[in-house]
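Spelled out from the first residue to the last, the chains are:
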Amino acid sequence: MEHGLGIAWKSVSKTYNDGTVAVNNVSVTADEHRTLALVGSSGSGKTTLLQMVNRMVTPNSGTVLIQGQDNQGMNPVTLRRSIGYVLQNGGLLPNKTVLDNIATVPVLQGTRRKDARVHALELLDEVGLEKSIQNRYPSELSGGQQQRVGVARALAANPEILLMDEPFAAVDPIVRRNLQDELLRLQSEIGKTIVFVTHDIDEAFYLGDKVALLRPGGTLAQVGTARELIDHPADSFVASFINAGCLRSELQ
Ligand SMILES: Nc1ncnc2c1ncn2[C@@H]1O[C@H](COP(=O)(O)OP(=O)(O)OP(=O)(O)O)[C@@H](O)[C@H]1O
């Protein structure tokens, strides 16, 4: 990681109150302006690692550095508003229109409502949506449209960091591929530091400049580029996880 920028998880562990070990001594970095894909099977600690960044989860040990600063010293509310967060269901507010969903955080941060709405319209265009949907409610959108609004909403406060938790998991494969391609296009223009959680190794390879593969029990199996993991899997777990992904792709 150049000059300590981006995000660095340093020897972080998390055991929940019921004794579940979710993350076990993980060290990994998300480089600035790049996409880190966190991949692993269900329950391997991906969401827990992601939520350590915006302090929705506090590690039992270890630290998370953002731009070289320990995030435990940061105000959680300010921190969350400064980080874009995209969830599987879009995370949209059901009682607000598309435009107001996108404009909410900037208004909370002090942007005038009129200006926030003008910017929201520009963002709709950036994520590939027609302006005509601006007054609809989330329930009046398709799953793919909801995800695009979710991305626009996360970008509205112009964050340096975008956290994406299985954002495209709930849509069909064709819409999913469109959304992935749009994200690649958008990222080539905006260059955010993205942490992208997925259980799908093919998606991780497609979107991640770097891929961190977790194993059950929340330990890091391997981190590297897609090429590095494919050509030099660290062990049989990594090799079989990758092979399962390839098999699924061939079958589809
Ligand atoms: N609040 C909680 N209390 C107790 N255990 C939890 C809590 N949140 C998560 N866990 C457990 O911690 C482990 C890791 O969960 P986490 O959600 O981080 O995994 P994940 O890799 O994101 O899984 P998935 O792909 O299914 O979302 C799991 O065993 C989960 O059941």
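Residues numbered from 1 in each chain as written. Predicted model: local features only at pLDDT ≥ 70, side-chain atom pairs only at ≥ 80, totals over all residues. Heavy atoms only, no water.

A. Seen up close, the domain arrangement of the protein. By domain assignment, the protein separates into domain 1 (2–82 + 160–251) and domain 2 (93–159). Once you take the C-alpha centre of each, domain 1 and domain 2 turn out to be 25 Å apart. The junction of domain 1 with domain 2 conceals about 1,300 Å² of combined surface from both sides, 63% of it contributed by carbon and sulfur atoms. Contact with domain 2 buries area across many residues of domain 1, yet Arg81, Leu162 and Leu186 alone supply 38% of it, more than any other trio. Where domain 1 meets domain 2, there are one salt bridge. Arginine 148 is paired through a salt bridge with glutamate 182; the nearest N and O atoms lie 3.9 Å apart. Our count for the contact surface shared by domain 1 and domain 2 stands at five residue pairs in polar contact (both at pLDDT 80 or more). Counting residues per element, the ones that place at least two in the side of domain 1 that touches domain 2 are β7 (161–165) and α6 (173–190). For the side of domain 1 that touches domain 2, the leading source of residues is α6, giving seven residues. (Domains from an automatic or database assignment. Buried area = accessible area lost by both parts, 1.4 Å probe. Salt bridge = Lys/Arg side-chain N within 4 Å of Asp/Glu carboxyl O. Polar contact = N/O pair within 3.5 Å; in protein donor to acceptor, adjacent residues only side chain to side chain. Helix = DSSP H or I, 4+ residues; strand = E, 2+ residues; numbered from the N terminus.)

B. Summary view of the side chain of glutamine 51. Topologically, glutamine 51 is positioned in helix α1 (residues 46–53). Not counting residues up to four positions away in its chain, the partners in contact with glutamine 51 are Met56, Val57 and Tyr85. (Contact = heavy atoms within 4.5 Å.)

C. Examining the packing of aromatic side chains more closely. Under the counting rule described, the total for this entry stands at two aromatic pairs. Taken together, a centroid distance of 5.9 Å and an interplanar angle of 45° make the contact between phenylalanine 237 and phenylalanine 241 tilted. Here phenylalanine 241 and phenylalanine 237 lie together in helix α9 (residues 236–251), a separation of four residues that amounts to about one turn. A relative accessible area of 15% places phenylalanine 241 in the buried class. Its end group placed over the ring of tyrosine 206, arginine 177 keeps NZ or CZ at 4.0 Å from the ring centre. (Phe/Tyr/Trp six-rings, centres within 6.5 Å; stacked < 30°, edge-to-face > 60°. Buried < 20%, exposed > 50% of the residue type's maximum accessible area, 1.4 Å probe, protein only. Lys NZ or Arg CZ within 6 Å of the ring centre and 35° of its normal.)

D. Examining the sheet that holds strand β1 (residues 7–15) more closely. The strand order across the open sheet formed by four strands is β2-β1-β4-β5, and the pairing between neighbours is antiparallel. Strands at the two margins of the open sheet, each flanked by one partner only, are β2 (21–30) and β5 (69–70). In the sheet, β1 pairs with strand β4 (residues 61–66) via five bridges, with the strands oriented antiparallel. Bridged to isoleucine 7 within β4 is isoleucine 66. (Pairing = 2+ DSSP bridges.)

E. Representation of the UniProt feature "domain: ABC transporter" (unreviewed entry) in the protein in the model. Residues given the UniProt feature "domain: ABC transporter" (unreviewed entry) here are residues 7–242. Counted over residues 7–242, helix gives 38% and strand 25%. Its end C-alpha atoms are 26 Å apart. (UniProt positions renumbered as here; feature names shortened; annotations may be inferred.)

F. Structural detail: the sheet that holds β7. Taken in spatial order, the six strands of this open sheet run β6-β7-β8-β3-β9-β10, and their pairing is mixed. Both edges of this open sheet fall to β6 (83–86) and β10 (219–224), since each of them pairs with a single strand only. Shown here is a sheet whose adjacent strand axes are inclined to one another by a mean of 15°, direction ignored. Examined bridge by bridge, strand β3 (residues 35–39) and strand β9 (residues 210–215) share four bridges and lie parallel to one another. The partner of valine 39 across the bridge, within β9, is leucine 213. Packed on one face of the sheet, helix α5 (residues 143–155) meets β6 and β7 and runs near 170° to β6. Lying over the sheet, α6 contacts β3, β7 and β8 (193–198), oriented at roughly 165° with respect to β8. (Axes fitted to C-alpha atoms, helices over the stretch in contact; angles between N-to-C directions.)

G. The nonpolar core, seen in detail. If you look at the biggest cluster of nonpolar residues, it comprises 28 residues, and the most contacted ones within it are Ile102, Val149 and Met164. When residues of this core are traced back to their parent elements, those giving at least two are α3 (98–108), α4 (113–126), α5, β7, α6 and β8. A total of five residues in this core trace back to one element, the largest contributor, which is α5. Of the domains in this structure, domain 1 (2–82 + 160–251) and domain 2 (93–159) are the two that each give at least three residues to this core. Filtering out sequence-adjacent residues up to four positions away, isoleucine 102 remains in contact with Ala120, Leu123, Leu124, Val149, Ala152, Arg153 and Ala156. Core analysis: the second largest hydrophobic core is formed by 25 residues, Ile7, Val23, Ile66 and Leu214 among them. (Core = buried A, V, L, I, M, F, W, Y, C linked by side-chain atoms within 4.5 Å.)

H. Just the packing of α5 against α6, in detail. The N-to-C vectors of α5 and α6 enclose an angle of 20°; their axes lie 10 Å apart at closest approach. It follows from the interaxial angle that α5 and α6 lie roughly parallel. The way α5 lies across α6 gives a crossing that is right-handed. Within the contact between the two elements, α5 uses Gly144, Gln147, Arg148, Val151 and Leu155 and α6 uses Val175, Asn178, Leu179, Glu182, Leu186 and Ile190. For the contact of α5 with α6, a count of residues per class yields six nonpolar, three polar and two charged. (Parallel < 35°, antiparallel > 145°, perpendicular 65-115°, else oblique. Left-handed = near helix turned anticlockwise from the far one by under 90°. Nonpolar A, V, L, I, M, F, W, Y, C, P; charged D, E, K, R; others polar.)

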